[in-house]
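# Observations on the model geometry
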Amino acid sequence: MDRRSFIRTAGVLGAGAAATGLAAPAIAQGNITWRMVTTWPKNFPGLGVGAQRLADRITLASGGRLTVQVYSAGEMVPPLQSLDAVIDGSAEMSHGAAYYWQNKSPALSFFTGVPYGMTTPELTAWVRFMGGQEIWDEIYDQFGVQGFLSGNTGTQAGGWFRDELKSVEDVKGVRFRTPGLGGRVWEKLGATVTNMAAGEIFQALQSGTLDAAEFVGPYNDLALGFYQVAKNYYMPSFVESGLATELVVDKKKYQELPDDLQAIIRDVSQAEYDMVAADFIANDPRALKTLVEDHGVQVRNFPDDIMEAGAKASVEVIEELRNSDDALVKKTTESFIEALNLLRTRTEKIDAPYTAARQKYLKY
Ligand code: CA
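Residues numbered from 1 in each chain as written. Predicted model: local features only at pLDDT ≥ 70, side-chain atom pairs only at ≥ 80, totals over all residues. Heavy atoms only, no water.

Right, let's talk about helix α7 (residues 180-188) for a bit. Regarding α7, the residues found buried are L181, G182, G183, V185 and W186. If you follow the buried residues of α7, they end up packed against β5 (159-161), β6 (175-177), β7 (192-194) and α12 (304-322). Of the residues trailing α7, G190 is marked for its positive phi of about 110°. (Buried < 20%, exposed > 50% of the residue type's maximum accessible area, 1.4 Å probe, protein only. Helix = DSSP H or I, 4+ residues; strand = E, 2+ residues; numbered from the N terminus. Contact = heavy atoms within 4.5 Å.)

Shown next as structure tokens:
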């Protein structure tokens, strides 16, 4: 038996002994088990898989000293009570999306993504190098928890529409499933917006309760079967670019861990941000190919007037946050806008002209 598998086995045995109540408290043995609740179904492409992999990597990297036990959506608590489970101490970790907790602070939306917001690399640049993490810590300090970026879906698809959209006029009255601040932008364009859980969308599209719906992108949407009832697949989502997931930990218990275990949690989360993003970047185009070639899906771009009206409505939504009475919401919004205005000079002067030229000239 090599050293690592010996330590792993010892970790499992240690945890088992602690569970019988016969051994000393787990922490005294150097082996502890943390419970991670998630907002995702088990094995859900990209997201549920990412949560499980993050947990497994912490367990492995710590040689079993910190074992993370994953509870998928509904296994311990309903998905949208994951953060509360950490706050009330029934779990030590939550894997989900910060914008699910907008009722705790609207500023949390920025750490998942906001309409016409940052791309995947821009968001991580703001959080890690431009003051984002420090503000995020201030927000979560109010609840005794700490957040880390833990994944990113990339820019999402705009949605599945039963009828083709020729102009912004066609948005009026469309019954569209899209949540959060993005939903408020679509409302401003004239859509009738509703939110519902992933598992309910297909039925609502099929029965005609919805005219349109968005969830994430090809990788997830293929699995959910939307192509069977709506054939117009619009790109890109201008309200959900570069959406991040988070790992939230109980801050007091986190700070009581030895430095190396704290570093493992922090660094594995950082590595998983890139890992999950790579999963979506690799598997979205594969799924899109299947949707087009096997299921006759029509991929379309939104008409320009929708993209333009969407930008105007997005500014209105963000300006409401900037004018908030809550000083932390105002501060977060201002930090985000300042960072975005700097980051976009690179994205729009270097990356965008490059991809535009590649699209135009490169032929294999
Ligand atoms: Ca979405």
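What follows continues from the structure just given.
With their axes 7 Å apart at the nearest point, α12 and helix α13 (residues 327-361) run at an angle of 135° to one another. By the angle class used here, α12 and α13 are oblique. Here I318, E319, L321 and R322 of α12 lie close against α13, whose contacting residues are V329, K330, T333, E334 and I337. Residues that form the contact of α12 with α13 fall into these classes: four nonpolar, one polar and four charged. (Axes fitted to C-alpha atoms, helices over the stretch in contact; angles between N-to-C directions. Parallel < 35°, antiparallel > 145°, perpendicular 65-115°, else oblique. Nonpolar A, V, L, I, M, F, W, Y, C, P; charged D, E, K, R; others polar.)

Next up on the list: the pattern of salt bridges. Taken as a whole and judged by the stated rule, the model has 21 salt bridges. Note that K331 is salt-bridged to E138, the shortest N-O span being 2.5 Å. Of this pair, K331 sits in helix α13 while E138 is found in helix α6 (residues 132-141), placing the two residues 193 residues apart along the sequence. Between R322 and E319 there is a salt bridge; the shortest N-O distance is 2.9 Å. (Salt bridge = Lys/Arg side-chain N within 4 Å of Asp/Glu carboxyl O.)

Inspection of every chain in the model, using the stated rule, returns 23 aromatic pairs. With a centroid separation of 4.9 Å and 5° between ring planes, the pair formed by F111 and W136 is classed as stacked. You can see F111 sitting in the loop between β3 (93-96) and α5 (120-129) and its partner W136 sitting in helix α6, a full 25 residues away along the chain. Accessibility assignment for this pair places F111 and W136 in one class, buried. Between F161 and F302, the ring centres sit 6.0 Å apart and the planes meet at 90°, which makes this aromatic pair edge-to-face. Highlighted residues: F161 in strand β5 and F302 in the loop between β11 (298-301) and α12, separated in sequence by 141 residues. Residue F161 shares its accessibility class with F302, and that shared class is buried. Site record: aromatic cluster; members linked through ring pairs are Y116, F161, F176, W186, Y234, F238 and F302. (Phe/Tyr/Trp six-rings, centres within 6.5 Å; stacked < 30°, edge-to-face > 60°.)

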